[in-house]
Amino acid sequence: MSESTPLRIGILGAARITERSLVAPARAGGHRLVAVAARDRSRAEAFAAAHGVERTLGSYADLLADPEVEVVYNPLANGLHGPWNLAALAAGKHVLTEKPSASNAAEAEEVMLAARASGTVFMEAFHYLFHPVTRRLHELLASGELGELRHAEAMVAIPAPGAYDPRWSLPLAGGALMDLGCYGLHALRMLAPWAGGAPRVVAARAGERAGAPGVDEWLDADLSFPGGATGTARCHMAYDHLEMSLRIVGSRGEATAPNFVLPQMDDRVVVRTGSGERTEHLGTRSSYAYQLEAFAARVRREASLPLDADDAVATMRMVDACYTAAGLGPRPRTER
């Protein structure tokens with residue numbers, strides 16, 4: 001197929017995030033939203049009508065069996081990522097899945113093996129990585145302007161979702177680390193080229209959600225890089241405001257992105273060195289738009305991608321290590 005041929009995308013569920021994470025970028029990129037399926041077909045029909053999806057199907061299985069669907073987008077509850085990623089790969093579909101790719105590292109390894117066997121493209125939706133804000137942070141390290149990496153810290157926090165939100169459900173692999181903290185862990189993992197390798201979890205602390213045993217309302221993790229740098233990854237799912245910051249400290253200076261997860265809301269990178277302080281603006285185009293462009297380029301012309309199923313396993317191993325260190329244990333697997 002030509003690299004300009006639109007992707008033919010099928011959507012699992014009618015999640016609210018899909019409007020900004022997929023629908024708007026797909027429309028801007030000229031891709032087709034072929035089908036949507038939800039457990040409640042009336043929700044799928046309402047979603048299709050609102051967002052220009054061509055048709056609704058009666059079940060997730062029907063969507064995976066549809067020969068016109070070539071790409072599956074999976075924004076389901078965390079615990080349903082793994083089972084339906086496995087099913088989509090078994091059906092020979094390309095998969096763009098919301099993070100995390102599975103409930104725990106063991107399940108993520110199954111997804112990795114399935115992705116290798118399918119020969120299709122699999123990517124976890126860490127969209128922040130494709131935005132110029134994150135690329136600029138990496139450039140500042142690579143150029144030497146910040147010197148040698150000494151410390152990195154990420155904080156990803158939001159006000160509390162509703163009491164019955166699936167993110168508070170242990171059987172659905174809920175928790176602050178799964179929904180938010182994985183961004184911070186991933187961002188620190190991506191600093192490996194300037195830190196002598198990937199970090200390891202040294203310690204972690206967590207607070208459980210009242211009425212939801214085993215589900216972390218907040219979690220703080222301490223990390224150590226092989227080259228001697230340290231890191232902290234904090235997350236909170238009942239915070240008093242939204243905060244999604246990433247700060248990188250080097251031997252010659254530091255750089256901070258006030259909102260690295262959603263840089264379209266705040267595109268600043270603030271750089272402080274011995275020469276003074278400056279603020280760079282990297283553009284408010286959606287990180288999701290950059291992500292879908294990169295994914296489409298991989299599907300259509302086999303362009304390289306920084307994210308794949310192996311990367312997803314590495315992140316899930318860190319997530320499991322944090323939960324174990326905090327005394328909560330990895331999230332249980334969910335059956336579909």
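Residues numbered from 1 in each chain as written. Predicted model: local features only at pLDDT ≥ 70, side-chain atom pairs only at ≥ 80, totals over all residues. Heavy atoms only, no water.

A.B. asks: Please explain the sheet that holds strand β4 (residues 71-74) as it appears in this structure.
C.D. replies: Backbone-to-backbone hydrogen bonds join strands into a sheet, with any given pair of strands oriented parallel or antiparallel. Across the sheet, which stays open at both edges, the six strands sit in the order β3-β2-β1-β4-β5-β6 with parallel pairing between neighbours. Each having just a single partner strand, β3 (55-57) and β6 (122-124) make up the two edges of the open sheet. Taking each pair of neighbouring strands and ignoring which way they run, the sheet shows an average axis angle of 20°. Across three bridges, strand β5 (residues 94-97) lies against β6 in parallel orientation. Pairing of V95 across the sheet is with F122, part of β6. Its contacts with the sheet place helix α1 (residues 18-29) against β1 (8-12), β2 (32-37) and β4, and it is angled at close to 165° to β1. Across the sheet, helix α8 (residues 287-301) lies against β4, β5 and β6, angled at about 165° from β5, the strand it touches most. (Pairing = 2+ DSSP bridges. Helix = DSSP H or I, 4+ residues; strand = E, 2+ residues; numbered from the N terminus. Axes fitted to C-alpha atoms, helices over the stretch in contact; angles between N-to-C directions. Contact = heavy atoms within 4.5 Å.)

A.B. asks: Just checking my understanding: could you explain the pattern of salt bridges for this structure?
C.D. replies: When their charged atoms lie close together, side chains carrying opposite charge are able to pair. Counted according to the given criterion, the structure contains 29 salt bridges. The partner of E110 in a salt bridge is R333, and the shortest N-O contact between them spans 2.6 Å. With E110 in helix α5 (residues 105-118) and R333 in the segment after α9 (309-325), the pair connects residues that are 223 residues apart, well separated along the chain. Accessibility expressed as a relative area gives 35% for E110, which makes it partly exposed. Residue R333 is classed as partly exposed on the basis of its relative accessible area, which comes to 37%. In this structure, R272 and E254 form a salt bridge, with 3.6 Å as the shortest nitrogen-oxygen distance. One end of the pair, R272, is in strand β13 (residues 268-273); the other, E254, is in strand β12 (residues 253-257), with 18 residues separating them in the sequence. Taking the relative accessible area as the measure of exposure, R272 reaches 35% and is therefore partly exposed. (Salt bridge = Lys/Arg side-chain N within 4 Å of Asp/Glu carboxyl O. Buried < 20%, exposed > 50% of the residue type's maximum accessible area, 1.4 Å probe, protein only.)

A.B. asks: Whenever I open this one, the packing of aromatic side chains confuses me. Can you help?
C.D. replies: The geometry of an aromatic ring pair is captured by the separation of the ring centres together with the interplanar angle, meaning the angle of the planes. All chains considered together, the criterion is met by five aromatic pairs. Measuring from ring centre to ring centre gives 5.2 Å for Y60 and W84, while their planes differ by 85°; the resulting arrangement is edge-to-face. In this pair, Y60 sits in helix α3 (residues 60-65) while W84 sits in helix α4 (residues 81-90), placing the two residues 24 residues apart along the sequence. In this pair, the class of Y60 matches that of W84, namely buried. An angle of 75° between the planes, with centres 6.3 Å apart, marks the rings of Y128 and Y183 as edge-to-face. Note that Y128 is positioned in the loop between β6 and α6 (132-143) and Y183 in helix α7 (residues 176-189), a separation of 55 residues in sequence. Residue Y128 shares its accessibility class with Y183, and that shared class is buried. An aromatic cluster is defined as three or more aromatic residues linked by ring pairs; in this entry it consists of F126, Y128, Y183 and F260. (Phe/Tyr/Trp six-rings, centres within 6.5 Å; stacked < 30°, edge-to-face > 60°.)

The values reported here are purely geometric and, on their own, carry no functional implication.
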